[in-house]
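# Results of the structural survey
As a plain string of letters, each chain reads:
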Amino acid sequence: MRILLPLLYALPVLFVLGLCGYMAYNHLSHRGPPVRKISAAPFATIKIHGLEARLFTQGNALRAAGNDLFIEFRDEQGKLAEVGEVSFMLALQMPGSIMHSIGKVMRTATPGQYRTTLDPGLAGEWTATLSYSGPRGQAEAGFSVKVM
């Protein structure tokens, strides 16, 4: 019995040490969320108030779920153009209702380039609205976007 008593005290300690080691190993080996590769070619290019807006995502179209959207604005010379605050919204007209998908558009480290994420939820022909407000004034453009 005297031999079993130290073993009885040691087992919970060994279990806790093993659990802490396992959690530390997983924490150190965790590399973060997967990085999605953005396409080199825009899936849409639109004219908006003398600028050209190019929209990029993974592949050549938006999907019904999990889209990283990259937006850049270029002037007549093809140089990136800072436009200030940008918004992007998708709307899907259905009988008796309208469905919206709005992503918060964030600036990147490069002036004239922006990122957002969208999750439309349904495939179909959506109406997109891209707008900006800032040093180049205010502008808005609407266009059709196919969601796969």
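Scroll up to find the structure this text is about.
The present account deals with the structure reproduced in this document. For clarity, every value in this text was computed on a predicted model and none was experimentally measured.

The next thing to look at is the overall build of the chain. On a plain count of helices and strands, the chain comes out with one helix and nine strands. Overall, the chain shows an N-to-C arrangement of helices and strands of α-β-β-β-β-β-β-β-β-β. Taking 2.2 N^0.38 as the reference for a compact globule, 148 residues should give roughly 15 Å; the C-alpha atoms of the chain span a radius of gyration of 25 Å, well beyond that estimate. For the C-alpha atoms alone, the extent of the chain along its principal axes is close to 85 × 40 × 25 Å. Expressed as a percentage of its 148 residues, the buried residues of the chain come to 34%. Across the chain, every contact between residues at least 6 apart in sequence was considered, and the portion connecting residues at least 24 apart equals 51%. For the chain, the accessible area works out to roughly 9800 Å², and carbon and sulfur atoms hold 62% of it.

Quick look at the pattern of salt bridges now. Per the counting criterion, the structure on display carries six salt bridges. Of the charged contacts in the structure, one is a salt bridge between E72 and R74, with a shortest N-O distance of 2.9 Å. Among the ionic pairs, E82 bridges to R107, the shortest N-O distance being 3.1 Å. Pair noted here: E82 is in the loop between strand 3 (67–74) and strand 4 (85–94) and R107 is in strand 6 (residues 106–107), with a separation of 25 residues, a long-range link.

This part covers the packing of aromatic side chains. Counted according to the given criterion, the structure contains four aromatic pairs. A ring pair is formed by F73 and Y132, whose centres lie 5.6 Å apart and whose planes are at 75°; its orientation type is edge-to-face. Taken together, the positions of F73 in strand 3 and Y132 in strand 8 (residues 124–134) put the pair 59 residues apart, joining distant regions of the chain. Y132 shares its class with F73; the two are buried. Consider the rings of F88 and F143, whose centres lie 6.4 Å apart with planes at 45°: the pair is tilted. In this pair, F88 is assigned in strand 4 and F143 in strand 9 (residues 137–147), connecting sequence segments 55 residues apart. By relative accessible area, which is 12% here, F143 ends up buried. Members of the aromatic cluster, each reached through a chain of ring pairs, are F73, Y114 and Y132.

Each value, and the rule that gives it
- Residues numbered from 1 in each chain as written.
- Predicted model: local features only at pLDDT ≥ 70, side-chain atom pairs only at ≥ 80, totals over all residues.
- Heavy atoms only, no water.
- Helix = DSSP H or I, 4+ residues; strand = E, 2+ residues; numbered from the N terminus.
- Rg over C-alpha atoms; globule rule 2.2 N^0.38 Å.
- Buried < 20%, exposed > 50% of the residue type's maximum accessible area, 1.4 Å probe, protein only.
- Contact = heavy atoms within 4.5 Å.
- Areas by Shrake-Rupley, 256 points an atom, 1.4 Å probe, with all protein chains shown as cover.
- Salt bridge = Lys/Arg side-chain N within 4 Å of Asp/Glu carboxyl O.
- Phe/Tyr/Trp six-rings, centres within 6.5 Å; stacked < 30°, edge-to-face > 60°.

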